[in-house]
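These are the residues of each chain, in order.
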Amino acid sequence: MTAETQLPQATGSCCSPGGACHDGADATTGGVTAVYRVTGMTCGHCEGAVAEELSGIEGVSSVKAVASTGQVTVVSEAPLPEEAVRAAVDEAGYEFAGRA
């Protein structure tokens, strides 16, 4: 996964004024697209942690997590087993709340 940094960052914070340090990978690049709900994300670092864990699932080509909406868009070669998505989100330290 490739992360982009948004500038400028808020003073005294790791996040931009919009609450994100990056916007994650482009999640519209073919394959199967699924949108999940994840609770507990509050900033770009949260987004990155969730995206990193989900990117480790075999067949995942891109992940875009958005803390402000709690939505995580995953593009993969084939539909992902919900158990794998739940386990990755749990490993990142957040709560999987199902499909959006």
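Read on for a plain summary of the structure. (Residues numbered from 1 in each chain as written. Predicted model: local features only at pLDDT ≥ 70, side-chain atom pairs only at ≥ 80, totals over all residues. Heavy atoms only, no water.)

1. Considerations on the overall build of the protein chain
Part 1 of the argument: Assigned secondary structure in the protein chain consists of 2 helices and 4 strands.
Part 2 of the argument: Counted from the first residue to the last, the protein chain has its helices and strands arranged as β-α-β-β-α-β.
Part 3 of the argument: The proportion of buried residues among the 100 residues of the protein chain is 41%.
Part 4 of the argument: Contacts in the protein chain between residues at least 24 apart in sequence constitute 59% of all its contacts with a sequence separation of at least 6.
Part 5 of the argument: If you sum the accessible surface of the protein chain, you get close to 5400 Å²; carbon and sulfur atoms cover 49% of it. (Helix = DSSP H or I, 4+ residues; strand = E, 2+ residues; numbered from the N terminus. Buried < 20%, exposed > 50% of the residue type's maximum accessible area, 1.4 Å probe, protein only. Contact = heavy atoms within 4.5 Å. Areas by Shrake-Rupley, 256 points an atom, 1.4 Å probe, with all protein chains shown as cover.)

2. Topic: the packing of aromatic side chains
Part 1 of the argument: Enumeration according to the criterion identifies 1 aromatic pair in this entry.
Part 2 of the argument: Centre to centre, the rings of Tyr36 and Phe96 are 5.7 Å apart; their planes meet at 50°, and the pair counts as tilted. Of this pair, Tyr36 sits in strand E1 (residues 32-39) while Phe96 sits in strand E4 (residues 95-99), and the two are 60 residues apart along the sequence. Take Tyr36 and Phe96: they sit in the same class, and that class is buried. (Phe/Tyr/Trp six-rings, centres within 6.5 Å; stacked < 30°, edge-to-face > 60°.)

3. Digging into the pairing of strand E3 (residues 71-76)
Part 1 of the argument: Extensive coverage of E3 is indicated by the burial of 5 of its 6 residues.
Part 2 of the argument: In the sheet, strand E2 (residues 60-66) pairs with E3 via 6 bridges, with the strands oriented antiparallel. Bridging from a neighbouring strand, Val63 pairs with Val74 of E3.
Part 3 of the argument: Between E2 and E3, which pair antiparallel and follow one another directly, the connecting turn spans 4 residues, one of which, Gly70, has a positive phi of 75°. (Pairing = 2+ DSSP bridges.)

4. A closer look at the sheet that holds E1
Adjacent strands of a sheet pair through backbone hydrogen bonds, lying either parallel or antiparallel.
Part 1 of the argument: The strand order across the open sheet built from 4 strands is E2-E3-E1-E4, with neighbouring strands paired in antiparallel fashion. With partners counted over all chains shown, the strands left at the sheet margins are E2 and E4, one partner each. Strand after strand, the sheet turns through a mean of 25° between neighbouring axes, direction not considered.
Part 2 of the argument: In the packing of helix H1 (residues 44-55) onto the sheet, the strands contacted are E1, E2 and E3, and the crossing angle to E2 comes to about 160°.
Part 3 of the argument: The sheet contacts of helix H2 (residues 82-92) involve E1 and E4, and relative to E4 the element is tilted by about 150°. (Axes fitted to C-alpha atoms, helices over the stretch in contact; angles between N-to-C directions.)

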